[in-house]
Amino acid sequence: MKIAILGVGYVGLVTGTCFADLGNSVICADIDSEKIDKLNQGIIPIYEPGLGDLISKNSKEGRLSFTTNTKDTIKNSDIIFICVGTPPKENGETDLKYVEAVSKDIAESLENYKLIVSKSTVPVGTAQKIKNIIKENSKTSIDFDVVSNPEFLREGEAITDFMIPDRIVVGIENERSKNIMKELYQGIARTKRPIIFTDIKSSELIKYGSNSMLALRISFMNELSRLCDNVGADVKQISHGMGMDTRIGPRFLQAGAGYGGSCFGKDVRSLIHMMNSNGIDAKVLTSAHHVNEEQKLIIVEKIKNTVGDLNQKNIAIWGLAFKPKTDDMRDAPSITIIKELQKLGANISAFDPEAQENAKKIFPDIKFCKDIYETVQDADALVVITEWNEFRNIDKIKLKSLMKNPYIIDARNIYHPEEFNNAGFSHVGVGR
Ligand code: NAD
């Protein structure tokens, strides 16, 4: 099939590359010419394990190409994936300006039947909006369909998630588009992954419902961790015990520094906005959002309670990305935590295996280090904000010899407190 990908970010690049790898002919278009130039030179603009190899293989084999020419891309394709960003406005509402812009591009380039797939995370009713924009801006009355096909991939696991998804959700309104989507996904469905066909509005809301449910779980565990801190229980043992209940399951039950990333925060706020616009007081989600905002400040409180006055103290930070295996700094808890520490006068040195380049744009004034040990040189405390695997088994003796004070604020609960306390550290976890 001939596929166009409009918007070559985390989702568009993975989607386009994986569809190319399944044998389709894919053109990826983006307005960011610097990004397209890089891709055409074989430079991958994001860190995503395995993606580089897959891009180079499919580009060499002629199934995958990159361009800034959106209109030609649309003309030369049968299926058009909208993968542009859908950032939040100040009030939490989703800003659809990029979706609207590509919808106009599609309208102006429509010469024969196209199936338009809305893959960006968009508020309920957006597929209809896309349809209206195309109808209003098209000079001809060419037939087209719009379907909703939300994406559930996780950064860091994006290729596996795309190729072996838990489920593929497609919102449709006629048999024609259903059959095309069935055919398109047959390579993946062959791995026995279910395709669920729903009406379009339900499909749009499945995405928000899913991300919000995961965010709720995290916020609930973070709130529970506060009680653990007060009464001396261990939230890790509680997660373990709760997670063994098959009605609950073990995932997304970890207390820590709060959720971040480009999706959870924005999608929760967007769903709150959708509910409020429909006269519904989104009590549960609003609380989840507040708990998450507080959680980052609770980490700062823990640092203050451990170190004391932070003025001119050296604080080492391990991990800046919003989660491991990505370089994505969008809405990362590290941003709030570091900014608060800076307000209190702390000197920050930091290390992240992949996110440093992106973090430099946010923090021009902190010291970026080449490895974990350089970061802790003369540190008054170490704060672990992202649970990269390489932070797990560390040389405690070396660490202690480098630090000024052996304080560890383990904001992701990756260490055994006794092990560190026995090695002469003062370990502070979350809810332990
Ligand atoms: P991103 O910001 O990384 O990429 C979006 C891209 O769209 C950018 O490269 C931008 O230049 C491009 N773009 C903007 N306007 C354009 C236009 N008119 N024509 C062509 N390209 C244009 O965004 P992302 O993280 O890939 O997210 C895309 C969508 O997918 C969002 O709605 C997001 O909520 C959703 N989503 C993201 C993830 C994730 O993990 N990142 C997961 C699931 C769903």
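Residues numbered from 1 in each chain as written. Predicted model: local features only at pLDDT ≥ 70, side-chain atom pairs only at ≥ 80, totals over all residues. Heavy atoms only, no water.

(A) Fine view of the overall build of the chain. Tallying secondary structure elements over the chain gives 18 helices and 14 strands in all. If you line up the chain on its principal axes, its C-alpha atoms span 70 × 50 × 40 Å. The burial tally for the chain puts 52% of its 432 residues in the buried class. Residue pairs at least 24 apart in sequence account for 74% of intrachain contacts in the chain once pairs closer than 6 positions are excluded. When the accessible area of the chain is evaluated, it comes to approximately 19100 Å², of which 49% is carbon and sulfur surface. A distance of 2 Å separates the average location of the 55 positive side-chain charges in the chain from that of its 58 negative side-chain charges. (Helix = DSSP H or I, 4+ residues; strand = E, 2+ residues; numbered from the N terminus. Buried < 20%, exposed > 50% of the residue type's maximum accessible area, 1.4 Å probe, protein only. Contact = heavy atoms within 4.5 Å. Areas by Shrake-Rupley, 256 points an atom, 1.4 Å probe, with all protein chains shown as cover. Lys, Arg positive; Asp, Glu negative; His and termini not counted. Charge placed at Lys NZ, Arg CZ, Asp CG, Glu CD.)

(B) Representation of the packing of helix α10 (residues 200–231) against helix α13 (residues 283–307) in the model. Put simply, α10 and α13 touch, their axes get as near as 9 Å, and they point 45° apart. Our classification of the angle between α10 and α13 gives oblique. The handedness of the crossing between α10 and α13 comes out as left-handed. Residues Ser 212, Leu 216, Ser 219, Asn 222, Glu 223, Ser 225, Arg 226 and Asp 229 of α10 pack against Val 284, Leu 285, Ala 288, Val 291, Asn 292, Glu 294, Gln 295, Ile 298 and Lys 302 of α13. Partitioned by chemical class, the residues of the contact of α10 with α13 number 6 nonpolar, 6 polar and 5 charged. (Axes fitted to C-alpha atoms, helices over the stretch in contact; angles between N-to-C directions. Parallel < 35°, antiparallel > 145°, perpendicular 65-115°, else oblique. Left-handed = near helix turned anticlockwise from the far one by under 90°. Nonpolar A, V, L, I, M, F, W, Y, C, P; charged D, E, K, R; others polar.)

(C) Broad picture of the sheet that holds strand β13 (residues 407–410). Pairing is parallel in the open sheet, where 6 strands are placed in the order β11-β10-β9-β12-β13-β14. Each having just a single partner strand, β11 (367–368) and β14 (426–428) make up the two edges of the open sheet. For β13 and β14, the ladder comprises 3 bridges, and the chain directions are parallel. Note on β14: the bridge partner recorded for Ile 408 is His 427. Where α13 meets the sheet, its contacts fall on β9 (314–318), β12 (381–384), β13 and β14, and the angle it forms with β13 comes to roughly 165°. (Pairing = 2+ DSSP bridges.)

(D) Looking closely at the pairing of β13. In this structure, β12 lies alongside β13, joined through 3 bridges in parallel fashion. Bridge pairing in β13 places Val 384 opposite Asp 410. The parallel pair β12 and β13, bridged by helix α17 (residues 396–402), forms a crossover whose chirality is right-handed. One crossover worth recording links β13 to the parallel β14 by way of helix α18 (residues 417–422), and it is right-handed. (Right-handed = clockwise from strand over helix to strand, strands pointing away.)

(E) Examining the pattern of salt bridges more closely. Across all of its chains, the model carries 27 salt bridges by this definition. Close ionic contact of Asp 234 with Arg 432 constitutes a salt bridge, the shortest N to O distance being 3.4 Å. One end of the pair, Asp 234, is in the loop between α10 and α11 (235–243); the other, Arg 432, is in the segment after β14, and 198 residues separate them in sequence. Classification of Asp 234 by relative accessible area gives buried; the value is 18%. In this structure, Glu 293 and Lys 296 form a salt bridge, with 3.3 Å as the shortest nitrogen-oxygen distance. A residue pair is termed a helical-turn pair when its members lie 3 or 4 positions apart in one helix, as Glu 293 and Lys 296 do in helix α13 at 3 residues. Judged by relative accessible area, Glu 293 falls into the partly exposed class, the value being 34%. Among the charged side chains, a network of salt bridges with common partners joins Asp 143, Asp 145 and Arg 176. (Salt bridge = Lys/Arg side-chain N within 4 Å of Asp/Glu carboxyl O.)

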